[in-house]
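Below are the chains, spelled out letter by letter.
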Amino acid sequence: GATLQAAAARTGRYFGVALAAGKLNDSTYTTIANREFNMVTAENEMKMDATEPNQNQFNFSQGDRILNWATQNGKQVRGHALAWHSQQPGWMQNMSGTQLRNAMLNHVTRVATYYKGKIHSWDVVNEAFADGNGGARRDSNLQRTGDDWIEAAFRAARAADPGAKLCYNDYNTDNWTWDKTQAVYRMVRDFKSRGVPIDCVGFQSHFNAQSAYNSNYRTTLSSFAALGVEVQITELDIEGSGQQQAQTYANVVNDCLAVPACKGITVWGVRDSDSWRSYGTPLLFDNSGNKKEAYTATLNALNAA
Ligand code: G3I
């Protein structure tokens, strides 16, 4: 394949990108996005604060810009994210207890219903586990409504859109030896054993010096896959430059290719200048939209499969 999407498609996988609605009038940006990728994630536009700015008043205008661009260009869409401790609208931030639980479930239901039939995979719950040792849940207003908030969100999402794959999505879950990875693994195993509707696990894969790529990533992906879920690399970016960065991109691609249930890779932005990171050069295209060494290494790894 001459592009990332074509090379990935040869292996039965997708290659995706996070897009921002505010950049859809930048033709350098959209030309690359349209040429290289066949899956799109809204970087911010389908989050809780964007879609329910006032309680029970839903606003899909920005999310629809992403969805319409994707549809018009033949792309599929990953939905991101239905329930999260962060980027909650102001009215939700200070809620608690049953009121918050019900507001969260109403949000999941309404957003998943609005986009019913149009979403390949939803990140139903994002980042619900704490970093570091111990494998605890992350403290948040949602967590304080009770441990079962996650499974309640998944059940509501399934009821609203039975056709979407339902994912749990997190970061610092790529290293198999980390407590956070093991804690998410135990939750998914428990969900599968009890019939809680979960179809996929998203590994964000924001790699930098503190959270470095580790060669046991492949073990992590295959171990989760053995539970009977699809695995997806959902927000890939890798700090660094040159051949070292290129090699790490190739390693990530090769790890996904080695695991049949790894169905796709999404990079978290188009050009380095589009990255959420305030410094560095973590993506596949430079600020002018030129292909980097990391791009070539990624394409070659896909084409070698
Ligand atoms: O749109 C407003 C703009 O009107 C305002 O003037 C400006 C001033 O700060 O803020 C703009 O909103 C920003 C938004 O990005 C759009 O650019 C927010 O402040 C900023 O917080 C927000 O950052 C996003 C971040 O999530 C928030 O948590 C990043 O774009 C987005 O890339 C990042 O994505 C997350 C994933 O959702 C979950 N995993 C980690 C990943 C990276 O942090």
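Here's a quick rundown of the structure.

Rules and cut-offs
- Residues numbered from 1 in each chain as written.
- Predicted model: local features only at pLDDT ≥ 70, side-chain atom pairs only at ≥ 80, totals over all residues.
- Heavy atoms only, no water.
- Helix = DSSP H or I, 4+ residues; strand = E, 2+ residues; numbered from the N terminus.
- Rg over C-alpha atoms; globule rule 2.2 N^0.38 Å.
- Buried < 20%, exposed > 50% of the residue type's maximum accessible area, 1.4 Å probe, protein only.
- Contact = heavy atoms within 4.5 Å.
- Areas by Shrake-Rupley, 256 points an atom, 1.4 Å probe, with all protein chains shown as cover.
- Lys, Arg positive; Asp, Glu negative; His and termini not counted.
- Charge placed at Lys NZ, Arg CZ, Asp CG, Glu CD.
- Core = buried A, V, L, I, M, F, W, Y, C linked by side-chain atoms within 4.5 Å.
- Polar contact = N/O pair within 3.5 Å; in protein donor to acceptor, adjacent residues only side chain to side chain.
- Expected span 1.5 Å × (residues − 1).
- Arc of directions from axis to C-beta.
- Disulfide = S-S within 2.5 Å.

## What about the overall build of the protein chain?
Phase 1 of the analysis: Of regular secondary structure, the protein chain possesses 11 helices and nine strands.
Phase 2 of the analysis: In terms of overall size, the protein chain behaves like a compact globule, its C-alpha atoms giving a radius of gyration of 18 Å where 305 residues would be expected to give roughly 19 Å.
Phase 3 of the analysis: In terms of its C-alpha atoms, the protein chain occupies a principal-axis envelope of roughly 50 × 45 × 35 Å.
Phase 4 of the analysis: Across the 305 residues in the protein chain, those meeting the buried criterion constitute 60%.
Phase 5 of the analysis: Restricting to contacts in the protein chain with at least 6 residues of sequence separation, those with at least 24 account for 76%.
Phase 6 of the analysis: Carbon and sulfur atoms form 45% of the exposed surface of the protein chain, whose accessible area is close to 11400 Å².
Phase 7 of the analysis: Averaging the coordinates of the 29 positive side-chain charges in the protein chain and doing the same for the 29 negative ones gives two points 5 Å apart.

## Quick word on the nonpolar core
Phase 1 of the analysis: Judged by nonpolar contacts, the single largest core of 97 residues is most densely connected at Leu19, Trp122, Val125 and Phe154.
Phase 2 of the analysis: Not counting residues within four places of it along the chain, the set of residues in contact with Val125 comprises Ala83, Trp149, Ile150, Ala153, Phe154, Cys167, Tyr168 and Asn169.

## Let's talk about unusual backbone geometry
As a rule of thumb, non-glycine residues mostly have phi less than zero, and peptide bonds are mostly trans rather than cis.
Phase 1 of the analysis: Ala81 follows His80 through a cis peptide bond whose omega is -5°.
Phase 2 of the analysis: Mapped onto the elements of the fold, Ala81 is located in strand β3 (residues 76-84).
Phase 3 of the analysis: One non-glycine residue, Glu127, lies in the positive phi region at around 60°.
Phase 4 of the analysis: By the element assignment, Glu127 lies in the loop between β4 (121-126) and α7 (149-160).
Phase 5 of the analysis: Not every positive phi belongs to a glycine, and Asn172 is a case in point at roughly 55°.
Phase 6 of the analysis: Turning to its location among the elements, Asn172 is positioned in the loop between β5 (165-170) and α8 (179-194).

## A few points about the side chain of Thr3
Phase 1 of the analysis: Tracing the backbone through its elements, the reader meets Thr3 in the segment before α1 (4-9).
Phase 2 of the analysis: Here the side chain of Thr3 touches Ala6 through a polar contact of 3.2 Å, landing on its backbone nitrogen.
Phase 3 of the analysis: Each residue touching Thr3, except ones within four places of it in the same chain, is listed here: Arg35, Glu36, Tyr295 and Leu299.

## Structural notes on helix α6 (residues 97-114)
Phase 1 of the analysis: Over its 18 residues, α6 extends 26 Å from the first C-alpha to the last, a length consistent with the 26 Å expected when each residue adds 1.5 Å.
Phase 2 of the analysis: Among the residues making up α6, those that are buried are Leu100, Arg101, Ala103, Met104, His107, Val108, Val111 and Ala112. Viewed end-on, α6 has its buried residues packed into an arc of 165°, placing them on one side of the element. Within α6, the exposed residues directed more than 90 degrees away from the buried face are Thr98 and Gln99.

## As for the state of the cysteines
Phase 1 of the analysis: A full pass over the atoms with the stated rule returns two disulfides.
Phase 2 of the analysis: The side chain of Cys167 participates in a disulfide bridge whose partner is Cys200; the two sulfur atoms lie 2.1 Å from each other. Of note, the bridge from Cys167 to Cys200 carries an S-S torsion of about -90° and is left-handed in sense. Of the two residues, Cys167 is situated in strand β5 and Cys200 in strand β6 (residues 200-203); the sequence distance between them amounts to 33 residues. Like Cys167, the residue Cys200 is buried in the burial classification.
Phase 3 of the analysis: There is a disulfide in this structure between Cys256 and Cys262, and the S-S distance comes to 2.1 Å. Judged by the sign of its S-S torsion, about -100°, the bond between Cys256 and Cys262 is left-handed.
Phase 4 of the analysis: Residue classification places Cys256 among the buried positions, given a relative accessible area of 1%.

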